[in-house]
Amino acid sequence: MGVLRTLLTLPIKGPVNGGLWIAGKIHETAEREMNDPAALRKMLVLLEQKLLADEISEQEYDDAEMEILLRIKALQ
């Protein structure tokens, strides 16, 4: 009965399980990129450029910098 049930529910469960697998892979990739030290350092450089171009305030810069530095420290 288990094999029959599997075959009968495959048209519904197949795409759902495939979608969940893809979502999991996307999540893993995003986590890896968010925690990449090189990417975090690049974020710091871009943040400083925004500060120098007056796109963000000193307070916004300090808050964002602290968050990025804490993420870098957590990786070590």
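Rules used in this analysis
- Residues numbered from 1 in each chain as written.
- Predicted model: local features only at pLDDT ≥ 70, side-chain atom pairs only at ≥ 80, totals over all residues.
- Heavy atoms only, no water.
- Helix = DSSP H or I, 4+ residues; strand = E, 2+ residues; numbered from the N terminus.
- Rg over C-alpha atoms; globule rule 2.2 N^0.38 Å.
- Buried < 20%, exposed > 50% of the residue type's maximum accessible area, 1.4 Å probe, protein only.
- pLDDT = per-residue confidence, 0-100.

1. Some details on the overall build of the protein chain
- Looking only at helices and strands, the protein chain features three helices and zero strands.
- When its helices and strands are written in sequence order, the protein chain yields α-α-α.
- Computed over C-alpha atoms, the radius of gyration of the protein chain comes to 22 Å, more than 25% over the 11 Å expected from 2.2 N^0.38 for 76 residues, which places it beyond the range of a compact globule.
- Counting only C-alpha atoms and orienting by the principal axes, one finds that the protein chain spans roughly 65 × 30 × 15 Å.
- Looking at the protein chain residue by residue over its 76 residues, the buried ones come to 12%.

2. Observations concerning the confidence of the model for the protein chain
- Per-chain confidence: the protein chain averages 90 in pLDDT, with 99% of residues scoring 70 or above.
- Ranking the elements of the protein chain by mean pLDDT puts helix α1 (residues 2–34) last with 88 and helix α2 (residues 37–52) first with 93.

3. Focus on unusual backbone geometry
- Here the phi dihedral of D54 falls at roughly 60°; this positive angle occurs in a residue that is not glycine.
- Mapped onto the elements, D54 comes out in the loop between α2 and α3 (58–75).
- On the basis of relative accessible area, D54 is assigned to the exposed category, the value being 68%.

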